[in-house]
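If you want the building blocks of each chain, they are given just below.
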Amino acid sequence: MIQIYIPLNFLGVIYREIKQNLVDLDKMFTLMDRPQEVQDRPDATALTDLATPTVRFENVRFAYEAERPILHGLSFEIPAGKTVAVVGPSGAGKSTLSRLLYRFYDVQEGRITIAGQDIRQVTQASLRRAIGIVPQDTVLFNDSIAFNIAYGRTDASQEEIEQAARAAHIHNFIAAQPQGYATTVGERGLKLSGGEKQRVAIARTLLKDPPILIFDEATSALDSANERAIQAELRAAAQGKTTLVIAHRLSTVVDAHEILVLDAGQIVERGNHQQLLALNGRYASMWALQQQST
Ligand code: ATP
């Protein structure tokens, strides 16, 4: 009989390797803010009626950890083709709204609907096709910049990729690289600045052309010329789309159909810019503060 002799410390190495890989996987999911438990229901159907859908949050309650509720029964509607902006202090739960709409997590109470369909009843693939996200911090793949732009629409032609890059004002930057659109970006390639990465995300979203947009504004300040340019690009991209803007700077929200002031998971004020200024409350003082600092 052949005996296979495996030293115990070797098993230890394997165990550590496996454990480390699981930790890495776990880190990856955390990084992507994607819990592993959200799955399609067996009877899930594809989202329909997506021409210009209305998005509704109905009495949404949510906690990442049972003992610490984050959202306490939020209700609001983003009418078809309009923009709703969410503002409020750090930790209020603003980005959580975008994670719930993209269904990285399921709500614990209430529901979120798109064109009247509960997002828990539809396939994740159809949900994610319908939504374009420009996140706070775009993670780029270690691949060509063309691949990174076309990520949401792998069938896009070079011409379409370039058109999206032009609209996002990143084309000139790409064209100036020796390898142009074939330039490798990401951790192991050309490192892009925060603003450049956001432009790649905008180009990606323009190319995907989904009916619903989520803009999760970067917290890290861009220089103001860059910021104004990116805001203009975002505004153009949002034309006629149902859009949720998670805003860290109030200048972004002035034109929104409705602004929600979120604090500790509750809507404490709501209205358009003029109405909220007239209310002379939280929003008005945030606005006054921001005017002073610019
Ligand atoms: P900021 O303006 O700083 O981006 P925010 O209003 O977008 O803040 P969220 O990111 O929605 O805030 O976070 C709301 C709360 O949920 C915070 O207290 C945060 O610590 C907590 N939180 C966020 N993500 C997780 C997570 N994956 N697990 C546990 N708690 C989380």
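Reference entry: report on the structure contained in this document. (Residues numbered from 1 in each chain as written. Predicted model: local features only at pLDDT ≥ 70, side-chain atom pairs only at ≥ 80, totals over all residues.)

## Here's the deal with the overall build of the chain
- Check the secondary structure of the chain and you find 10 helices and 10 strands.
- Taking all 294 residues of the chain together, 33% fall into the buried category.
- If you take every contact in the chain between residues at least 6 apart in sequence, the share linking residues at least 24 apart comes to 71%. (Helix = DSSP H or I, 4+ residues; strand = E, 2+ residues; numbered from the N terminus. Buried ≥ 20, exposed ≤ 12 C-beta atoms within 10 Å, placed from the backbone. Contact = placed C-beta atoms within 7 Å.)

## Some details on the site of the ligand
- Around the ligand sit 11 residues in total, of which Y64, S90, K94, S95 and T96 are the nearest.
- Among the secondary structure elements, those contributing two or more residues to the shell around the ligand are β1 (55-65) and α2 (94-101).
- Looking at the shell around the ligand element by element, the count peaks at 3 residues for α2.
- Considered class by class, the residues forming the shell around the ligand number 3 nonpolar, 6 polar and 2 charged. (Near = placed C-beta within 6 Å. Nonpolar A, V, L, I, M, F, W, Y, C, P; charged D, E, K, R; others polar.)

## Here we look at the nonpolar core
- Within the largest apolar cluster, 65 residues are counted, with the highest numbers of intra-cluster contacts made by A85, L101, I149, A203 and I259.
- If one sorts the elements of this core by residue count, helix α7 (residues 194-208) sits on top with 6 residues.
- With near-sequence residues (within four places) excluded, I259 lies in contact with A85, V87, V253, R270, G271, N272, H273, L276 and Y283. (Core = buried A, V, L, I, M, F, W, Y, C linked by C-beta atoms within 7 Å.)

## Description of the pairing of strand β6 (residues 131-134)
- Burial along β6 is two-sided: the residues I131 and I133 and G132 and V134 are all buried.
- Bridge analysis of β6 against strand β7 (residues 212-216) gives 4 bridges, and the strand direction is parallel. Opposite G132, over in β7, you have L213 as the bridge partner. (Pairing = 2+ DSSP bridges.)

## Some details on α2
- Burial analysis of α2 places 8 of its 8 residues in the buried class, the great majority of the element.
- Buried residues of α2: K94, S95, T96, L97, S98, R99, L100 and L101, and no others.
- One or two residues past the end of α2 sits R103, with phi positive at roughly 60°.

## Things to note about the environment of N226
- If you trace the backbone, N226 turns up in helix α8 (residues 224-238).
- A sequence separation of 52 residues divides N226 from I174, and the C-alpha atoms of the two residues are 17 Å apart.

## Digging into unusual backbone geometry
- Within the chain, D49 stands out as a residue other than glycine whose phi angle is a positive 55°.
- Along the chain, the position of D49 falls in the loop between α1 (8-31) and β1.
- Under the C-beta neighbour-count criterion, D49 is labelled exposed, with 12 such atoms within 10 Å.
- Backbone geometry places D209, a non-glycine residue, at a positive phi of 50°.
- Judged by C-beta crowding, with 14 C-beta atoms within 10 Å, D209 ranks as partly exposed.

## What to know about the sheet that holds strand β3 (residues 83-87)
- Taken together, the 6 strands give an open sheet; going across it, the order is β6-β7-β8-β3-β9-β10, and neighbouring strands pair in mixed fashion. Looking at the sheet topology across the chains shown, the edges are occupied by β6 and β10 (266-271). Put simply, the sheet's adjacent strands are angled 20° from each other on average, direction ignored.
- Strand direction decides the pairing type here: β3 and strand β8 (residues 242-246), joined by 4 bridges, are parallel. Bridge pairing in β8 links V84 to L244.
- Where α2 meets the sheet, its contacts fall on β3, β6, β7, β8 and β9 (258-263), and the angle it forms with β8 comes to roughly 145°. (Axes fitted to C-alpha atoms, helices over the stretch in contact; angles between N-to-C directions.)

## Focus: the sheet that holds strand β2 (residues 68-78)
- The strand order across the open sheet built from 4 strands is β2-β1-β4-β5, with neighbouring strands paired in antiparallel fashion. Whereas interior strands pair on both sides, the edge strands pair on one side only; in this sheet they are β2 and β5 (117-118).
- Each of β1, β2 and β4 (109-114) is contacted by α2, which is oriented at about 110° to β1, the strand it contacts most.

## Remarks on the environment of Q108
- With respect to the helices and strands, the residue Q108 is situated in the loop between α2 and β4.
- Between the C-alpha atom of Q108 and that of V60, which follows or precedes it by 48 residues, the distance is 7.4 Å.
- Once residues within four sequence positions are removed from consideration, Q108 is found in contact with R61, F62 and A63.

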